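Read off the chains here:
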Protein chains: 2
Amino acid sequence: MNSAILLIAHGSRRPEANADLLEVARLLSEQRPDLLVETAYLELAAPDIPTGARRCVERGAREVRLLPYFLSAGAHVQEDLRAYREQLAREYPEVRFVCCPPLGFDPRLIAVLLERLEQQM
Amino acid sequence: MNSAILLIAHGSRRPEANADLLEVARLLSEQRPDLLVETAYLELAAPDIPTGARRCVERGAREVRLLPYFLSAGAHVQEDLRAYREQLAREYPEVRFVCCPPLGFDPRLIAVLLERLEQQM
């Protein structure tokens, strides 16, 4: 397996919010057994992005796709991910790093929202 | 229509990220024509939550569901929404305000992520 997904969430002080990412990673891995999957957080939780990327490289990845588990492509996310990509490309010149887009707007999310509307937090 | 959805996103400095919310609101409104729909942002964009809630009340809502368009229930989101709900309940004692959960983990999001994996930002 020469390609990896580095699945990236914002990170939260609440462990249960961070735990969602591990479940997402597990399901991605089931759907794409041809790819290594690692997780990282932009802030507030570990591992951070350089650590997650290093794990991909140490497991043999020659291509790492930075996949943001974010709803929108805010300035914060785009700028930070591009800066990390450049930093990682300098550190591991033999590895290709690619930034994928966030979830963005998608009609499939509407079905989920309609369910949440009937629940209370 | 006595019930309203106040659909809430984080807010971004990038107008195109904020514009997603209006499209989500339009689709929610199509699916739930029995509910008023207004939008608001937690920060960085207008209208803010008190303004969005006031619009719901002025349009006649007697129940307002605060529906976060967020992936996870981070501390930031939960605490802020609950504080807004209490503030709004004091300001409009005749109106019921309810906090709905965020999107959270949902397998339907995996299908969207698998598509993003093949795209570049």
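Everything that follows concerns the structure shown earlier in this document.
### Focus on the layout of surface pockets
In this approach the atoms are scanned with a rolling probe the size of a water molecule, which exposes any empty space left behind. In this structure, the largest pocket encloses a volume near 950 Å³. Taken together, 40 residues form the lining of the largest pocket, with A:H10, A:F70, A:H76, B:H10 and B:F70 sitting closest to its centre. Secondary-structure elements contributing two or more residues to the lining of the largest pocket are α1 (15–31) and α3 (75–91) of chain A together with α1 (15–31) and α3 (75–91) of chain B. Residues belonging to the lining of the largest pocket are distributed by class as follows: 20 nonpolar, 14 polar and 6 charged.

### Focus on the pattern of salt bridges
Summed over the entire model, instances satisfying the criterion amount to 26 salt bridges over all chains. For B:R65, the salt bridge is made with A:E118, and the minimal N-O distance between the two is 3.4 Å. In this pair, B:R65 is assigned in strand β3 (residues 63–68) and A:E118 in the segment after α4 (108–116), connecting two distinct chains. For B:R65, a relative accessible area of 13% translates into the label buried. Accessibility expressed as a relative area gives 53% for A:E118, which makes it exposed. Note that B:E30 and B:R26 form a salt bridge whose closest N and O atoms lie 2.7 Å from each other. Highlighted residues: B:E30 and B:R26, both in helix α1, separated by 4 residues, approximately one helical turn. On the basis of relative accessibility, which here comes to 48%, the residue B:E30 falls in the partly exposed class. In this structure, a network of salt bridges that share partners links the residues A:R32, A:D34, A:E63, A:R65, A:R96 and B:E118.

### As for the sheet that holds β3(B)
Residues and elements named next belong to chain B. With parallel pairing, 4 strands are arranged side by side in an open sheet as β2-β1-β3-β4. Both outer strands of the open sheet, β2 (36–41) and β4 (96–99), are each paired with one neighbouring strand and no more. Averaged over all pairs of adjacent strands, the angle between strand axes in this sheet comes to 25°, irrespective of strand direction. Strand direction decides the pairing type here: β3 and β4, joined by 4 bridges, are parallel. Each residue of the ladder has a partner; that of E63, found in β4, is R96.

### Some words on the sheet that holds strand β1 (residues 3–9) of chain A
Residues and elements named next belong to chain A. Reading across the sheet, the 4 strands line up as β2-β1-β3-β4 and stay open at both edges, with parallel pairing between neighbours. Looking at which strands have only one partner, the edges of the open sheet turn out to be β2 (36–41) and β4 (96–99). The sheet shows a mean angle of 25° between the axes of neighbouring strands, direction not considered. With respect to the sheet, helix α2 (residues 49–58) is in contact with β1, β2, β3 (63–68) and β4, its orientation differing from that of β2 by roughly 165°.

### Looking at the nonpolar core
Ranked by internal contacts, the top residues of the largest apolar core, which has 45 residues, are A:L7, A:L28, A:Y69, B:L7, B:L28 and B:Y69. Secondary-structure elements contributing two or more residues to this core are β1, α1, β2 and α4 of chain A together with β1 (3–9), α1, β2 and α4 (108–116) of chain B. Apart from residues lying up to four places away in sequence, A:Y69 is in contact with A:L7, A:I8, A:A9, A:L21, A:V24, A:L103, B:L71, B:G104, B:F105, B:L109 and B:L113.

### Side note on the relation of the copies chain B and chain A
Taken as rigid bodies, chain B and chain A are interconverted by a rotation of 180° and an axial shift of 0.0 Å, the fit giving an RMSD of 0.0 Å. Within this description, the copies of the chain are treated as partners about a two-fold rotation axis. Counting the interface residues of chain B, we find that 98% of their copies in chain A are interface residues as well, pointing to one common contact surface.

### Some remarks on the packing of helix α2 (residues 49–58) of chain B against α3(B)
Residue and element names in this part refer to chain B. Relative orientation of the contacting elements α2 and α3 amounts to 45°, with a least axis distance of 11 Å. Here α2 is positioned oblique relative to α3, judged by the angle of their axes. Here α2 runs over α3; the crossing is right-handed. Here α2 contributes I49, P50 and A53 to the contact with α3, which in turn contributes L81, Y84, Q87 and L88. Looking at the contact of α2 with α3 residue by residue, the class counts come to 6 nonpolar, 1 polar and no charged.

About the cut-offs
- Residues numbered from 1 in each chain as written.
- Chains lettered and ligands numbered in written order.
- Predicted model: local features only at pLDDT ≥ 70, side-chain atom pairs only at ≥ 80, totals over all residues.
- Heavy atoms only, no water.
- 1 Å grid on protein atoms, 1.4 Å probe; cavity = no way out; pocket = protein on both sides within 12 Å on 5 of 7 lines; lining within 4 Å.
- Points joined across faces, edges and corners; volume = space filled by probe spheres on them.
- Helix = DSSP H or I, 4+ residues; strand = E, 2+ residues; numbered from the N terminus.
- Nonpolar A, V, L, I, M, F, W, Y, C, P; charged D, E, K, R; others polar.
- Salt bridge = Lys/Arg side-chain N within 4 Å of Asp/Glu carboxyl O.
- Buried < 20%, exposed > 50% of the residue type's maximum accessible area, 1.4 Å probe, protein only.
- Pairing = 2+ DSSP bridges.
- Axes fitted to C-alpha atoms, helices over the stretch in contact; angles between N-to-C directions.
- Contact = heavy atoms within 4.5 Å.
- Core = buried A, V, L, I, M, F, W, Y, C linked by side-chain atoms within 4.5 Å.
- Least-squares fit on C-alpha atoms with pLDDT ≥ 70 in both.
- Parallel < 35°, antiparallel > 145°, perpendicular 65-115°, else oblique.
- Left-handed = near helix turned anticlockwise from the far one by under 90°.

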